[in-house]
Amino acid sequence: MKKNKFFIGILCMLGLLIIIGCSNSPIGNVEKETGSEAFSEEVKEFRVEAFQFGFEPSTITVNKGDTVRIIANSRDVPHGFAIDEYGINLYLDGLRSKTIEFTADKTGTFIYYCNVPCGGEHSSMRGRFIVK
Ligand SMILES: [Cu+2]
């Protein structure tokens, strides 16, 4: 009889633990949604410099779901920084850097290019934005 009571006691404690566990999990999820620290996705920051006639770096690689922050500037004459598929179009006047933040929600290799006529080899100003 004593053994039985002990067993029932353990069952009750297990039940309680399960109830506490269940009631805790939604609260945990809410914290994940509101606190940016809790996100598993990373913010990936890149400093991009445009110049006659190219970009440094010329390849940017991120993972799908990453928050991407691009801080772009020109080191000489005005240039553009555009990625059509992501609707990005920055005018880089060479005076101050421009920052754009977005979620890399499409996988693939996308071309970033200069869309401000900047000289003879303007059309060769290309880089690759790769989302794995
Ligand atoms: Cu150009």
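It should be noted that the structure appears before, not after, this text.
An account of the accompanying structure is given in this report. Everything numeric here is computed off the predicted structure, so don't read it as measured data.

Okay, the coordination of the copper ion next. The textbook angles at a metal center are 109.5 degrees for a tetrahedron of four donors and 90 or 180 degrees for an octahedron of six. Protein coordination at the copper ion: the donors are Cys114 (SG), Val116 (O), Cys118 (SG) and His122 (ND1), at 2.0 to 2.5 Å from the metal. Geometry at the copper ion is tetrahedral, judged from its 4 donor atoms and the angles of 85 to 132 degrees they form at the metal. Donor residues binding the copper ion come from one chain and are separated in sequence as C-x1-V-x1-C-x3-H. Taking the relative accessible area as the measure of exposure, Val116 reaches 16% and is therefore buried.

Phe53 follows Gln52 through a cis peptide bond whose omega is 5 degrees. Tracing the backbone through its elements, the reader meets Phe53 in the loop between β1 (43-51) and β2 (54-56). Each neighbour pair has its own omega, and for Glu56 with Pro57 the value is 0 degrees, a cis peptide bond. Looking at the element boundaries, Pro57 is found in the loop between β2 and β3 (59-62).

We now examine the packing of aromatic side chains. For the structure shown, the criterion picks out 8 aromatic pairs. Measuring from ring centre to ring centre gives 5.4 Å for Phe55 and Tyr112, while their planes differ by 80 degrees; the resulting arrangement is edge-to-face. On the criterion of sequence distance, the pair formed by Phe55 in strand β2 and Tyr112 in strand β8 (residues 108-113) is long-range, its members being 57 residues apart. In this structure, Phe55 and Tyr112 share a single accessibility class: buried. Seen from their ring centres, Phe110 and Phe129 are 6.4 Å apart, and the 35 degrees between their planes marks the pair as tilted. Residue Phe110 is located in strand β8, and its partner Phe129 is located in strand β9 (residues 126-131); the two are separated by 19 residues in the primary sequence. By the burial criterion, Phe110 is buried, and Phe129 matches it. Just above the ring of Tyr86 sits the side chain of Lys106; from NZ or CZ to the centre is 4.5 Å.

Another point: the pairing of strand β6 (residues 88-92). The alternating pattern of β6 places Ile88, Leu90 and Leu92 on a buried face, while none of Asn89 and Tyr91, on the opposite face, is buried. The sheet contact formed by strand β5 (residues 79-83) and β6 spans 5 bridges and is antiparallel. Note on β6: the bridge partner recorded for Gly80 is Tyr91. Remark: 4 residues form the turn of the hairpin made by β5 and β6, two consecutive strands paired antiparallel; Gly87 in that turn has positive phi of roughly 65 degrees.

Our next topic: the side chain of Ser74. Tracing the backbone through its elements, the reader meets Ser74 in strand β4 (residues 67-74). Judged by relative accessible area, which is 5%, Ser74 ranks as buried. Here the side chain of Ser74 touches Asp76 through a polar contact of 3.1 Å, landing on its backbone nitrogen. Excluding residues that lie within four positions of it along the chain, Ser74 makes contacts with Ala50, His79, Leu92 and Gly94.

The next thing to look at is the environment of Glu45. Position of Glu45 among the secondary structure elements: in strand β1. Owing to a relative accessible area of 41%, Glu45 belongs among the partly exposed residues under this scheme. When the C-alpha atoms of Glu45 and Ile70 are compared, they prove to be 5.9 Å apart, with 25 residues separating the residues in sequence. Dropping the residues within four chain positions of it, Glu45 is found in contact with Arg69 and Ile71.

Parameters and conventions
- Residues numbered from 1 in each chain as written.
- Predicted model: local features only at pLDDT ≥ 70, side-chain atom pairs only at ≥ 80, totals over all residues.
- Heavy atoms only, no water.
- Donors = N, O, S within 2.8 Å, 3.2 Å for Na, K, Ca; no water.
- Tetrahedral: all angles 85-135°; square planar, octahedral: opposite > 155°, others 65-115°.
- Buried < 20%, exposed > 50% of the residue type's maximum accessible area, 1.4 Å probe, protein only.
- Helix = DSSP H or I, 4+ residues; strand = E, 2+ residues; numbered from the N terminus.
- Phe/Tyr/Trp six-rings, centres within 6.5 Å; stacked < 30°, edge-to-face > 60°.
- Lys NZ or Arg CZ within 6 Å of the ring centre and 35° of its normal.
- Pairing = 2+ DSSP bridges.
- Polar contact = N/O pair within 3.5 Å; in protein donor to acceptor, adjacent residues only side chain to side chain.
- Contact = heavy atoms within 4.5 Å.

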